[in-house]
Amino acid sequence: QLQALQNYDALRAVLTALNSSAVYRLKFAWQSVSKSAMHQFEELKRLFDISKNSKNYRCMFRDCLPPAIPYFGLFLQDLVFIEEGIEKRQQVDDFKEHGAFINFNKSVRTADRIKEWLIRYQIKSGYDGKCTPNVALQRLFYQQLRAIKDLSEKDIWNMS
């Protein structure tokens, strides 16, 4: 659903949680996941692969239709790269006696990056932001939590 809503920040958060060591090592749980769900999981891992400066995600996001919520971590990474990688002031050969001038190229690049990312979710959509609860899934979670409430952390670790 997050991918259908183009909420890539939340999608990345879920993917990160599923790849965390606490979840990833649950071998019995992973064996019960359907092949189609595992295929979708692998596709999402490829989408958010960080090789080549997150090329897969950047290409997909550039081509997606607004509105979309970008993966905020990559947005911040780009801003840090611009801030740290480009000098705030620059020398202009014809005006060396006046000292360094403000590097407006850096400001323009920062503004362009912000504009490019923000425009993706400033267009009105039909999504009202309301979430319909999945009662069956909530019951399952509550049953599982009740079943382990009296177990120690070591017992739960051994079960996994």
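As a reminder, the structure under discussion sits directly above these lines.
Below is a short write-up of the structure.

Rules behind the numbers
- Residues numbered from 1 in each chain as written.
- Predicted model: local features only at pLDDT ≥ 70, side-chain atom pairs only at ≥ 80, totals over all residues.
- Heavy atoms only, no water.
- Core = buried A, V, L, I, M, F, W, Y, C linked by side-chain atoms within 4.5 Å.
- Buried < 20%, exposed > 50% of the residue type's maximum accessible area, 1.4 Å probe, protein only.
- Helix = DSSP H or I, 4+ residues; strand = E, 2+ residues; numbered from the N terminus.
- Contact = heavy atoms within 4.5 Å.
- 1 Å grid on protein atoms, 1.4 Å probe; cavity = no way out; pocket = protein on both sides within 12 Å on 5 of 7 lines; lining within 4 Å.
- Points joined across faces, edges and corners; volume = space filled by probe spheres on them.
- Nonpolar A, V, L, I, M, F, W, Y, C, P; charged D, E, K, R; others polar.
- Axes fitted to C-alpha atoms, helices over the stretch in contact; angles between N-to-C directions.
- Parallel < 35°, antiparallel > 145°, perpendicular 65-115°, else oblique.
- Left-handed = near helix turned anticlockwise from the far one by under 90°.
- Salt bridge = Lys/Arg side-chain N within 4 Å of Asp/Glu carboxyl O.
- Phe/Tyr/Trp six-rings, centres within 6.5 Å; stacked < 30°, edge-to-face > 60°.

**With respect to the nonpolar core**
- Ranked by size, the top nonpolar core spans 15 residues in total, and within it Tyr-8, Phe-48, Tyr-57 and Phe-61 carry the most contacts.
- Sorting the residues of this core by element identifies α1 (8-18), α4 (35-47), α5 (51-63) and α6 (72-85) as the ones contributing at least two each.
- If sequence neighbours within four positions are ignored, Tyr-57 has contacts with Tyr-8, Leu-47, Phe-48, Pro-70, Tyr-71, Leu-74 and Trp-117.

**Some thoughts on the layout of surface pockets**
- The volume enclosed by the largest pocket comes to roughly 870 Å³.
- In this structure, the largest pocket is lined by 16 residues; those nearest its centre are Val-23, Leu-26, Ala-29, Phe-141 and Gln-144.
- Those elements that place two or more of their residues in the lining of the largest pocket are α3 (27-31), α8 (135-148) and α9 (153-159).
- Element by element, the count of residues in the lining of the largest pocket is highest for α8, at five residues.
- Grouping the constituent residues of the lining of the largest pocket by class yields 13 nonpolar, two polar and one charged.

**Some details on the packing of α5 against α6**
- Running from amino to carboxyl end, α5 crosses α6 at an angle of 130°, the nearest separation of the two axes being 12 Å. Considering the angle they form, α5 stands oblique to α6. The two elements α5 and α6 cross, and the hand of that crossing is left-handed. Facing α5, whose interface residues are Asn-53, Ser-54, Tyr-57 and Arg-58, α6 presents Leu-74, Gln-77 and Asp-78.
- A breakdown of the residues in the contact of α5 with α6 according to their chemical character gives two nonpolar, three polar and two charged.

**Observations concerning the pattern of salt bridges**
- For the coordinates displayed, the defined rule picks out six salt bridges.
- Taking the shortest distance from any N to any O, the salt bridge between Lys-45 and Glu-42 comes out at 3.4 Å. Placement of the pair is Lys-45 and Glu-42 together in helix α4, with a separation of three residues, close to one helical turn.
- Its relative accessible area of 25% is what places Lys-45 among the partly exposed residues.
- A salt bridge links Asp-78 to Arg-113, with the shortest nitrogen-to-oxygen separation between them at 3.8 Å. Taken together, the residues Asp-78 in helix α6 and Arg-113 in helix α7 (residues 104-118) connect sequence positions 35 residues apart.
- Exposure remark for Asp-78: the relative accessible area of 8% places this residue in the buried category.
- Each of Arg-58, Asp-78 and Arg-113 takes part in a single network of salt bridges with overlapping partners.

**Quick notes on empty space enclosed by the protein**
- The full count for this structure, using the stated rule, is one cavity of 30 Å³ or more.
- In this structure, the largest cavity occupies an estimated 30 Å³ of space.
- Considering the residues around the largest cavity, the lining is formed by Arg-12, Leu-47, Phe-48, Asp-49, Ser-54, Tyr-57, Tyr-71 and Leu-74.
- Residue classes in the lining of the largest cavity are distributed as five nonpolar, one polar and two charged.

**Some points on the packing of aromatic side chains**
- Throughout the structure, instances matching the rule amount to nine aromatic pairs.
- Taking 6.5 Å as the distance between ring centres and 90° as the angle between the ring planes, the aromatic pair formed by Tyr-57 and Tyr-71 counts as edge-to-face. Of this pair, Tyr-57 sits in helix α5 while Tyr-71 sits in the loop between α5 and α6, placing them 14 residues apart in sequence.
- In textbook terms, an aromatic cluster arises when at least three aromatic residues are bridged by ring pairs, as seen for Tyr-8, Phe-48, Tyr-57, Phe-61 and Tyr-71.

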